[in-house]
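What follows is each chain in one-letter form.
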Amino acid sequence: MIHDADPVTWVIGAQGLLGSAVCRELVRTGRRAVSHTIPWDDPPDAIAMLGAAARTVLAEHRSWRIAWCAGAGVIGTSQLQLDQEIEVLRGFLAELRESLGHGTPETAAARGSLFVASSAGGVYAGSADPPFTEETATRSISPYGLAKLASEELATEFFRHSGVPVLIGRIANLYGPGQDVSKPQGLVSQLCRAHLTRTPVSIYVSLDTARDYLYVDDAARMIVDGLERVRLDGGLLVKIMASGRPTSVATIIAELGRVTKRRPQIVLGASPNARYQARDLRFRSVVWPDLDRGPRTSLAAGISATLESLGQDLRLGHLGQR
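Below: a short report on this structure.

Analysis parameters
- Residues numbered from 1 in each chain as written.
- Predicted model: local features only at pLDDT ≥ 70, side-chain atom pairs only at ≥ 80, totals over all residues.
- Heavy atoms only, no water.
- Helix = DSSP H or I, 4+ residues; strand = E, 2+ residues; numbered from the N terminus.
- Rg over C-alpha atoms; globule rule 2.2 N^0.38 Å.
- Buried < 20%, exposed > 50% of the residue type's maximum accessible area, 1.4 Å probe, protein only.
- Contact = heavy atoms within 4.5 Å.
- Areas by Shrake-Rupley, 256 points an atom, 1.4 Å probe, with all protein chains shown as cover.
- Expected span 1.5 Å × (residues − 1).

Here we take up the overall build of the protein chain. On a plain count of helices and strands, the protein chain comes out with 10 helices and 11 strands. By the compact-globule yardstick of 20 Å for 322 residues, the protein chain fits well, its C-alpha radius of gyration being 19 Å. With the C-alpha coordinates aligned to their principal axes, the bounding extent of the protein chain is approximately 60 × 45 × 40 Å. Counting every position in the protein chain, which comprises 322 residues, the buried fraction comes to 53%. The long-range fraction of contacts in the protein chain, counting pairs at least 24 apart against all pairs at least 6 apart in sequence, stands at 82%. Of the accessible surface of the protein chain, which amounts to about 14400 Å², a share of 51% is contributed by carbon and sulfur atoms.

What follows is the structure, encoded as structure tokens:
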């Protein structure tokens, strides 16, 4: 049965930091979200389950949106895992194209839209002259960044062959409730975890390293709004999703101290992944700038929310078990 007046947004990767926030934003704005449990550690099974889910979603809903928020890779992730993530995305997009059937690209374009998450830091780490915009030539310096560029190319190919409007989001440094602190990522979350567990945190970049920290709920709002807009406008669009507020590591540390009334314990260390870290990753989006003008979560409020979420995980014995 097709639900004509009931558009649905399928969130892929709904258990992760970004996907869970997108689901919350959909609920907050009165939209319907669906998700499925996918065996990510088994690429063939993951592709098969994603294909089956795609056939169900497209069969039951004439109007749909898909948000690809999956991917556990970070700087330092093994090449094998990065290759597997690309394999699953490639397989999913092939299954999705097949599920669209033999209609014209115009028919497919009228029914839905697709968002694919990428990484601004990953694709611009070697680029020159920050702040970087969508007009800046990408230059990855890490296997992770190359994998993100590969995912963007897959999304581009999907658009060319299907006609489905596609939004590629080059997302800045995400932080907020739901981040997996068992992985070596997320300075804000790692500092919050260190505060709660009374342990030092190791930092292997210079304290004047500049990043753009984007609260995950702000990113989710941009994604949900962007999915609707690209469906109406059509085409393929690449957009940087960032706060537009460059912040140094030293500022993050100081802000955490102001919020918690206690100076965090910092150890300046070394890591083989330090060679992949650019000193200055400032961003300024020149595509759909009005999408960036909504309310923004302050750094202090974002740190407080992250602390509260991790504190709850700690009390329940779940810290680092996402």
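Our next topic: helix α3 (residues 79-99). Side chains that are three or four residues apart share a direction in an α-helix, a result of its 3.6 residues per turn. If you check α3, its first and last C-alpha atoms are 30 Å apart, about what 21 residues at 1.5 Å a residue would give, namely 30 Å. All of the buried residues along α3 are Leu-82, Ile-86, Val-88, Leu-89, Gly-91, Phe-92, Leu-93, Glu-95, Leu-96 and Ser-99. Residues of α3 that are buried sit in contact with β1 (8-12), α2 (43-60), β3 (64-68), β4 (112-119) and α6 (143-162). Gly-101 sits one or two residues past α3 and shows a positive phi near 80°.

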